Amino acid sequence: MFSPLKLKPAFKDYLWGGTKLRDNYNKKSSMEKIAESWELSCHKDGYSVIEHENGTEETLADYIEKHGLSVLGTNCSEFENFPVLIKLIDAKDNLSVQVHPDNKYALENEGEYGKTEMWYIADCEEGASLLYGFKEKISKEDFIEHIKNNTLTDAVQSVPVKKGDVFFISAGTLHAIGKGIVIAEIQQNSNTTYRIYDYGRTDKDGNTRELHIDKACDVTNLGPAVPYPYHEPEQHEGFTIQRLSSCEYFTVDLLNITSEAGLFTDSSSFEHLLVLEGEGHLNGESCSIPMYKGDSIFIPAGYGRFTVDGNCLIIKTRID
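Cut-offs and rules
Residues numbered from 1 in each chain as written. Predicted model: local features only at pLDDT ≥ 70, side-chain atom pairs only at ≥ 80, totals over all residues. Heavy atoms only, no water. Helix = DSSP H or I, 4+ residues; strand = E, 2+ residues; numbered from the N terminus. Buried < 20%, exposed > 50% of the residue type's maximum accessible area, 1.4 Å probe, protein only. Contact = heavy atoms within 4.5 Å. Areas by Shrake-Rupley, 256 points an atom, 1.4 Å probe, with all protein chains shown as cover. Lys, Arg positive; Asp, Glu negative; His and termini not counted. Charge placed at Lys NZ, Arg CZ, Asp CG, Glu CD. Pairing = 2+ DSSP bridges. Phe/Tyr/Trp six-rings, centres within 6.5 Å; stacked < 30°, edge-to-face > 60°. Lys NZ or Arg CZ within 6 Å of the ring centre and 35° of its normal. Arc of directions from axis to C-beta. Salt bridge = Lys/Arg side-chain N within 4 Å of Asp/Glu carboxyl O. Polar contact = N/O pair within 3.5 Å; in protein donor to acceptor, adjacent residues only side chain to side chain.

Colleague: Explain the overall build of the protein chain to me, please; I cannot follow it from the model alone.
Modeller: Looking only at helices and strands, the protein chain features six helices and 24 strands. Taken over the C-alpha atoms alone, the protein chain extends approximately 60 × 40 × 40 Å along its principal axes. Taken across its 320 residues, the protein chain has 54% of its residues classed as buried. Long-range contacts, defined here as pairs at least 24 residues apart, represent 73% of the contacts in the protein chain between residues at least 6 apart. A total accessible area of about 14,600 Å² is found for the protein chain, and carbon and sulfur atoms account for 45% of it. Across the protein chain, the 31 positively charged side chains and the 51 negatively charged ones have centroids separated by 4 Å.

Colleague: Would you take a moment to explain the pairing of strand E18 (residues 239–246) for this structure?
Modeller: Look at any regular strand and the pattern is simple: side chains alternate between the two faces of the sheet. In terms of burial, E18 is largely enclosed, as six of its eight residues are buried. Bridging between strand E17 (residues 234–236) and E18 involves three bridges; their strand directions are antiparallel. Of the residues in E18, the one forming a bridge with histidine 236 is phenylalanine 239. Count of turn residues in the E17/E18 antiparallel hairpin: two residues, of which glycine 238 carries a positive phi of about 90 degrees. One ladder, built from seven bridges, connects E18 with strand E19 (residues 251–257); its direction is antiparallel.

Colleague: Please clarify how the packing of aromatic side chains should be interpreted in this entry.
Modeller: Two numbers describe a pair of aromatic rings. These are the distance of the centres and the angle of the planes. Going through the model one piece at a time under the given rule, you end up with 10 aromatic pairs. In this arrangement the basic side chain of lysine 293 is found over the ring face of tyrosine 25, its NZ or CZ atom lying 4.6 Å from the centre.

Colleague: What exactly am I supposed to notice about helix H2 (residues 60–67) here?
Modeller: An α-helix turns once every 3.6 residues. As a result, residues three or four positions apart point the same way. Among the residues making up H2, those that are buried are Leu60, Ala61, Tyr63 and Ile64. Down the axis, H2 shows its buried residues gathered within 160 degrees of arc, on one side only. Exposed and oriented more than 90 degrees from the buried face of H2 are Glu65 and Lys66. Directly beyond the C-terminal end of H2, a positive phi value near 95 degrees is found at glycine 68.

Colleague: Would you mind showing me how to read the pattern of salt bridges here?
Modeller: In a structure, side chains of opposite charge can pair up when their charged atoms sit close to one another. Following the criterion strictly, the structure yields 21 salt bridges and no others. In this structure, the salt-bridge partner of aspartate 253 is arginine 243, at a minimum N-O distance of 2.5 Å. Remark: arginine 243 occurs in strand E18 and aspartate 253 occurs in strand E19; sequence separation between them is 10 residues. In this structure, arginine 318 engages aspartate 320 in a salt bridge whose closest nitrogen and oxygen atoms are separated by 2.7 Å. Under the relative-accessibility criterion, arginine 318 is labelled buried at 9%. Each member of the salt-bridge network shares a partner with another, and the members are Arg243, Asp253, Asp266, Glu271, Lys316, Arg318 and Asp320.

Colleague: What am I meant to see in the side chain of arginine 201 here?
Modeller: Relative to the elements of secondary structure, arginine 201 occurs in the loop between strand E16 (194–197) and helix H6 (213–219). Among the polar contacts listed, one links the side chain of arginine 201 to the backbone oxygen of asparagine 94, at a separation of 2.4 Å. One polar contact links arginine 201 to aspartate 198, side chain to side chain, over a distance of 2.6 Å.

Colleague: Explanation requested: the pairing of strand E22 (residues 287–292) in the structure shown.
Modeller: Of the two faces of E22, the one holding Cys287, Ile289 and Met291 is buried and the one holding Ser288, Pro290 and Tyr292 is not buried anywhere. Here strand E21 (residues 271–284) pairs with E22 via six bridges, running antiparallel. Bridge pairing links glycine 280 to methionine 291 in E22. The turn linking E21 back onto E22 is made up of two residues.

Colleague: Please explain unusual backbone geometry as it appears in this structure.
Modeller: Note on backbone geometry: most residues besides glycine have negative phi, and most peptide bonds are trans. Even without glycine at this site, asparagine 150 takes up a positive phi of about 55 degrees. Relative to the assigned elements, asparagine 150 resides in the loop between helix H4 (140–148) and helix H5 (152–155). For tyrosine 199, which is not a glycine, the phi torsion comes out positive at approximately 60 degrees. Topologically, tyrosine 199 is positioned in the loop between E16 and H6. What makes tyrosine 199 partly exposed here is its relative accessible area of 31%.

Colleague: What is the right way to read the environment of arginine 201 from this model?
Modeller: Under the relative-accessibility criterion, arginine 201 is labelled buried at 13%. In the structure, arginine 201 is positioned 57 residues away from isoleucine 144 in sequence and 20 Å away in space, judged by C-alpha atoms. Not counting residues within four places of it along the chain, the set of residues in contact with arginine 201 comprises Leu15, Trp16, Asp93, Asn94, Leu95, Ser96, Asn207, Thr208 and Arg209.

Don't take any of this as a statement about function, it's just geometry.
Shown next as structure tokens:
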């Protein structure tokens, strides 16, 4: 039987990042800024790493290649690559206004799959907001005109946010994370982003970042975003579970554990646990793992029954 594994993330120091992932989520990196931590990743641009008890390390991608696709589960067999990428994102400043292509366009133009994603607002400063689709449907000509005139932000929908809010961003949805927000992002395993507007910023060398206007015009849905419907939490002994999002690429639940939760990972999919608040302990037939805020745990498909005890808030992701 394969046991649950604690993961170390890959880090990104993009210019808009801050220090909250280090200060508040126990991330350890020599980078001055930690904009993103890639908590569950088999993407070539940043692999998550397994820390074994004997002190050795290997990437999650190497572990899966060594032990076979059975650790991922039967629901993953239809995917050519590892299906998801999970991040924590600390936006000290506004991210660029951007869009992601769908699978067809991305495969034809970028050589990888497209990106549908969801956001859970893990924390935010008072007054924080983000951009999410357009205020109303506009024409492609109007879209291009707004880009040329640097008035794009006048046409998009600015949404105030609070801790616990959820946003579903299907491929083609224009969006931007606003400053002062920490997000847990669950997405397709892709790193393709088309940047439309970047506030005229420059990097540390004084260079503006590349924009991708033509490709963005090809793929952007020119109307309001469609939110994912809200689901009430379900009460269970020792915990509640709330469906945050479900699509063909991922299913995401929020576990609020108040004492001891009895959980089960079947053979259809691996599961990933990301601890957003509090602490607890994962106990199973072959393991006992302490869990703290910011921890990331991969549970192989078919592991079976286990418990998490303590007081903690967890994002649980699987493939359905």
